[in-house]
Amino acid sequence: MEISQDEIFILDPDMVLSQQAGTPPGMPDLVVEQASGMTDWWNPALRKRMLSDSGLGMISPHYEDSDLKDFSHSRVLQSPVSSEDHAILQAVIAGDLMKLIESYKNGGSLLIQGPDHCSLLHYAAKTGNGEIVKYILDHGPSELLDMADSETGETALHKAACQRNRAVCQLLVDAGASLRKTDSKGKTPQDRAQQAGDPDLAAYLESRQNYKIIGHEDLETAV
C-alpha cells in the first residue's frame, strides 16, 4: 500500500496472481471430483476475502519451505482403544466408506494407527480409495496430511505415488500436501512416482511443485 497526499493506491494480490501465476497445472487425462473446501484458495472471491480479513494480504496455500516448522508430528497417533476405533480402522482398510462414517459419528477417532504404525490417511492413500481420502481430509486434523509413518518416513502422498494412484495424488496435492518432503531414504513423492514407472504422474507432481514456488514468489512480490 502506498499513501500519497490525496489518494490511496492498493495493490491487489488477486490480480497479480491471475496475471502471473496462472492456474495450477492439472493431471493429464484425469478428472477428479474435489472435496468440499479443498480448493478454496483457488476461488478468487474467497481468496480476496481471506486476504482482506487477514489485514496482511499474504495468506497462501501450503508452501514447502525448509525453514518452516514441521508440524507433521505435533500429534501422536494412538492404537485403537474403543470398539469404534477398531471399526474405523477396519473400515478404512476394507474401503468401506459407510462404515467409516458410522463409526466416526459414534465417537471413533481418526487419529489412530494400524499395527504397522500407519495413519488412516496412509491406508486410504495406499489403497487408492478417493472417497475415504476425502472424508478423512474433511473431518480429520490437518496434521494427518503430511504425517510420516514411523518406519519408512512416507507421507500419504508418498504412498499414493508408490501405488500410482493418480486420483488420490491429485486430491492430496490440492489439499496442500507437501511435494518436497522426503522419506527415510531421501525420496520425494515425485521420486517415488518415477520409481513406480509412472513418468506422467512424476511430471505432474513436479509441475505442481514448481507452480507453488512461483505462486509464492509472486505473492511476496505483490505484497
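Note that the coordinates shown come from a computational prediction; the quantities given were computed from them, not determined experimentally.

J.: Any chance you could break down the UniProt feature "repeat: ANK" (unreviewed entry) in the protein chain for me, citing the residues and the numbers?
T.: As annotated in UniProt, the feature "repeat: ANK" (unreviewed entry) corresponds to residues 116–140 and 152–184 in the numbering used here. Between the first and last C-alpha atoms of residues 116–140 the distance is 20 Å; the span itself is 72% helix and 0% strand. Between the C-alpha atoms that bound residues 152–184 the distance is 5 Å, and the span itself is 52% helix and 0% strand.

J.: I'd like a description of the environment of Gln78, backed by residues and values.
T.: Tracing the sequence through the fold places Gln78 in the loop between α2 (44–54) and α3 (83–94). Beyond its immediate stretch of four places on either side in the chain, Gln78 contacts Leu111, Ile112 and Gln113.

J.: How would you explain the packing of helix α5 (residues 120–127) against helix α6 (residues 130–139) if you had to name every residue and give the values?
T.: α6 packs onto α5 with a crossing angle of 155 degrees between their chain directions and a minimal axis gap of 8 Å. Between α5 and α6, the angle falls in the class roughly antiparallel. The handedness of the crossing between α5 and α6 is left-handed. Between α5 and α6, the residues in contact are Leu120, Leu121, Ala124 and Ala125 and Ile132, Val133, Ile136 and Leu137, respectively. Here the residues of the contact of α5 with α6 sort into eight nonpolar, no polar and no charged.

J.: Give me unusual backbone geometry: which residues, what numbers.
T.: Phi is positive for His117, which is not a glycine, with a value near 65 degrees. A relative accessible area of 33% means that His117 is categorised as partly exposed. A positive phi angle, near 60 degrees, is found at Arg164, a position not held by glycine. Its location among the elements puts Arg164 in the loop between α7 (156–162) and α8 (166–175). With a relative accessible area of 46%, Arg164 lands in the partly exposed category.

About the cut-offs
- Residues numbered from 1 in each chain as written.
- Predicted model: local features only at pLDDT ≥ 70, side-chain atom pairs only at ≥ 80, totals over all residues.
- Heavy atoms only, no water.
- UniProt positions renumbered as here; feature names shortened; annotations may be inferred.
- Helix = DSSP H or I, 4+ residues; strand = E, 2+ residues; numbered from the N terminus.
- Contact = heavy atoms within 4.5 Å.
- Axes fitted to C-alpha atoms, helices over the stretch in contact; angles between N-to-C directions.
- Parallel < 35°, antiparallel > 145°, perpendicular 65-115°, else oblique.
- Left-handed = near helix turned anticlockwise from the far one by under 90°.
- Nonpolar A, V, L, I, M, F, W, Y, C, P; charged D, E, K, R; others polar.
- Buried < 20%, exposed > 50% of the residue type's maximum accessible area, 1.4 Å probe, protein only.

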